[in-house]
Amino acid sequence: MKRYTKTELSLLIACFVAYTAAYISRCNLSPSLDAIAKTFGVSTAQVGLLPTFFAIPYAAGQVFSGLLADRQPAPRLMLIGLLGSALVNVIFSFCPYFPLLVVLWFVNGLLQSLIWTPIVRILAVHFRDKVRDHAAFFMSLTLIFGYLIAWALSGLLTSLLSWRIAFLVSGLVTAGIAIPSILFMKRMPVDYNARPAEGTVSEKPAPVSHLLLHTNLILLLIACFANGYVRDGITNWAAKLLMDTQGIDLSSAVGIILIIPAVNFLGIRLGQMAYKRSGNNAYLSSGIMYAVCTALCVVLPASLNSLWAFVIVLVGTSAMTYGLNPLITTIMPMQYSYLNRVALAAGLTDAMIYVGSSFSGAFAGFLSDQFGWAAVFVSWAVLSLIGTLVLVWAQRVAKNNEVQ
């Protein structure tokens, strides 16, 4: 951390705290899905509409927020997203009808989409080359802390009191953390309208058509879709998956799934090590992580007969997807800084992750209802293999276009 300037370090901490707050008000759903289904008497596929109807607007909103973040001050967008999400969680806790829950979680997806792309732009514009990659991996640790706090808070409150109390508290905690972090960020002596200093072609962002048609971004988006489907398939269904396949109660399931964020930290560290060992080759390191993820998904159905064997393979799979996350949503989008399109590229990659995530909700619930959880595991394996292959292709295109 001594490599950072005082301003860089302050910005990094503020962004880290703010994005951790964002996870608290969106990742609190998984431990409560079964309780919500029982409250309203809906099926697995129906309750899966909640993560699906979060992911769809989040994905679409990422594209819009990417365009905004290339032009608007980052703290303003982040504050709107965080406070709006906190308010939705509070209203969600009082909602008497399931269809209204779906609408509210849809709105939450829109608001949450305003938070990530401004952070990526801050990293691209206000951090020097020698610390930027480290900052990107450091920011990915919000995945660990955010999920850990959200699952622990939501799981504990749902099991002891109710899912309604869990969402009420999540909203209040998000607001309580977000407001001081964003106010601190706004007081920093930083020009949030500044553009990247090095590698730019012009002051104006390049046309969107150039970004999509003359780079390898389309292939990267396919890999992001696959990652979102597998990653959030685990995070959305972990508690219910354990209860259905292993016959344990919610308290036991929550205790086990809290292992996942800790192991995800190791996955991120493995991704960082692979990146360094590959000579900072994001494509090669991502391809390796995807290949391991594919192998683990293939093993998952065979591990169902043993609780701890299943947990080990499941958390290992999750760790691989989280190790991929900073590589494909932060490191790779920064390669488009020469086009002044870092925020839009980051928005598109994150958007496609959540398009994949949308399928991990209702579609995975449908597969589970119709064919059992083994069918879900097969779908994870197929998408992971596709992700591996398109990253190999993307690296070849990058070399041909001299993007790297």
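Presented here is a report on the structure given in the accompanying data block. (Residues numbered from 1 in each chain as written. Predicted model: local features only at pLDDT ≥ 70, side-chain atom pairs only at ≥ 80, totals over all residues. Heavy atoms only, no water.)

1. Points about the overall build of the chain
Then, number 1: Of the regular secondary structure elements, the chain holds 18 helices and 0 strands.
Then, number 2: Its C-alpha radius of gyration of 20 Å places the chain within 12% of the 22 Å reference for a compact globule of 404 residues.
Then, number 3: Taken over the C-alpha atoms alone, the chain extends approximately 55 × 40 × 40 Å along its principal axes.
Then, number 4: Residues counted as buried form 61% of the 404 residues belonging to the chain.
Then, number 5: Put simply, of all contacts in the chain between residues at least 6 apart along the chain, 85% involve residues at least 24 apart.
Then, number 6: Looking at the chain, you have 24 positive and 14 negative side-chain charges, and the mean spots of the two groups are 6 Å apart. (Helix = DSSP H or I, 4+ residues; strand = E, 2+ residues; numbered from the N terminus. Rg over C-alpha atoms; globule rule 2.2 N^0.38 Å. Buried < 20%, exposed > 50% of the residue type's maximum accessible area, 1.4 Å probe, protein only. Contact = heavy atoms within 4.5 Å. Lys, Arg positive; Asp, Glu negative; His and termini not counted. Charge placed at Lys NZ, Arg CZ, Asp CG, Glu CD.)

2. Structural notes on the environment of Leu-266
Then, number 1: Checked against the element boundaries, Leu-266 lands in helix H14 (residues 259-277).
Then, number 2: Considered as a pair, Leu-266 and Gly-323 are 57 residues apart in the sequence and their alpha carbons are 7.9 Å apart.

3. A closer look at the nonpolar core
Then, number 1: Grouped together as the largest cluster of nonpolar side chains are 128 residues, with contacts concentrated most on Ile-36, Leu-50 and Trp-380.
Then, number 2: At 16 residues, helix H12 (residues 217-246) tops the list of elements feeding residues into this core.
Then, number 3: Setting aside chain neighbours within four positions, we find Trp-380 in contact with Tyr-229, Val-230, Gly-233, Ile-234, Leu-241, Cys-297, Leu-300 and Leu-314. (Core = buried A, V, L, I, M, F, W, Y, C linked by side-chain atoms within 4.5 Å.)

4. Digging into the packing of helix H9 (residues 142-160) against helix H10 (residues 163-186)
Then, number 1: At a closest axis distance of 7 Å, the pairing of H9 and H10 adopts a crossing angle of 145°. Taken as a pair, H9 and H10 cross one another with a handedness that is right-handed. Residue-level inspection shows Leu-153, Ser-154, Leu-157 and Thr-158 of H9 in contact with H10, the latter providing Trp-163, Ile-165, Ala-166, Val-169, Ser-170 and Val-173.
Then, number 2: Among the residues forming the contact of H9 with H10, the class breakdown is 7 nonpolar, 3 polar and no charged. (Axes fitted to C-alpha atoms, helices over the stretch in contact; angles between N-to-C directions. Left-handed = near helix turned anticlockwise from the far one by under 90°. Nonpolar A, V, L, I, M, F, W, Y, C, P; charged D, E, K, R; others polar.)

5. Overview of empty space enclosed by the protein
Then, number 1: In the structure shown here, the tally under the stated rule is 4 cavities of 30 Å³ or more.
Then, number 2: A volume near 160 Å³ is recorded for the largest cavity.
Then, number 3: Sorting the residues of the lining of the largest cavity by element identifies helix H4 (49-69), H9, H12 and helix H17 (342-371) as the ones contributing at least two each.
Then, number 4: Sort the elements by how many residues they give to the lining of the largest cavity and H12 lands first, with 3 residues.
Then, number 5: Partitioned by chemical class, the residues of the lining of the largest cavity number 8 nonpolar, 4 polar and 2 charged.
Then, number 6: In this structure, the second largest cavity spans a volume of roughly 110 Å³.
Then, number 7: What lines the second largest cavity is a set of 16 residues, and nearest its centre among them are Tyr-23, Trp-116, Leu-143, Asn-325 and Thr-329.
Then, number 8: Listed by contribution, the elements that provide at least two residues to the lining of the second largest cavity are helix H1 (6-24), helix H8 (129-140), H9, helix H16 (307-331) and H17.
Then, number 9: Taken together, the residues that form the lining of the second largest cavity break down as 8 nonpolar, 5 polar and 3 charged. (1 Å grid on protein atoms, 1.4 Å probe; cavity = no way out; pocket = protein on both sides within 12 Å on 5 of 7 lines; lining within 4 Å. Points joined across faces, edges and corners; volume = space filled by probe spheres on them.)

6. Some words on the side chain of Thr-294
Then, number 1: Here Thr-294 is to be found in helix H15 (residues 282-299).
Then, number 2: The exposure class assigned to Thr-294 is buried, which follows from its relative accessible area of 11%.
Then, number 3: Separated by 3.3 Å, the side chain of Thr-294 and the backbone nitrogen of Leu-385 make a polar contact.
Then, number 4: With near-sequence residues (within four places) excluded, Thr-294 lies in contact with Ala-381, Ser-384, Leu-385 and Thr-388. (Polar contact = N/O pair within 3.5 Å; in protein donor to acceptor, adjacent residues only side chain to side chain.)

7. Things to note about H16
Then, number 1: Compared with the 36 Å implied by 1.5 Å per residue over 25 residues, the 36 Å span of H16 between its first and last C-alpha is a close match.
Then, number 2: Of all bends in H16, the biggest is about 30°, found at Leu-324, and the proline Pro-326 comes one to four residues later.
Then, number 3: For H16, a buried count of 21 out of 25 residues is recorded, marking the element as mostly surrounded by other parts of the structure. (Expected span 1.5 Å × (residues − 1). Bend = angle between axes of the 7 residues up to and from the residue.)

8. Things to note about the pattern of salt bridges
Then, number 1: Enumeration according to the criterion identifies 1 salt bridge in this entry.
Then, number 2: Between Arg-231 and Asp-232 there is a salt bridge, with its nearest N and O atoms 3.0 Å apart.
Then, number 3: On the basis of relative accessible area, Arg-231 is assigned to the buried category, the value being 1%.
Then, number 4: According to the relative accessible area criterion, Asp-232 is buried, its value standing at 2%. (Salt bridge = Lys/Arg side-chain N within 4 Å of Asp/Glu carboxyl O.)

Honestly, it's all geometry; don't read function into it.
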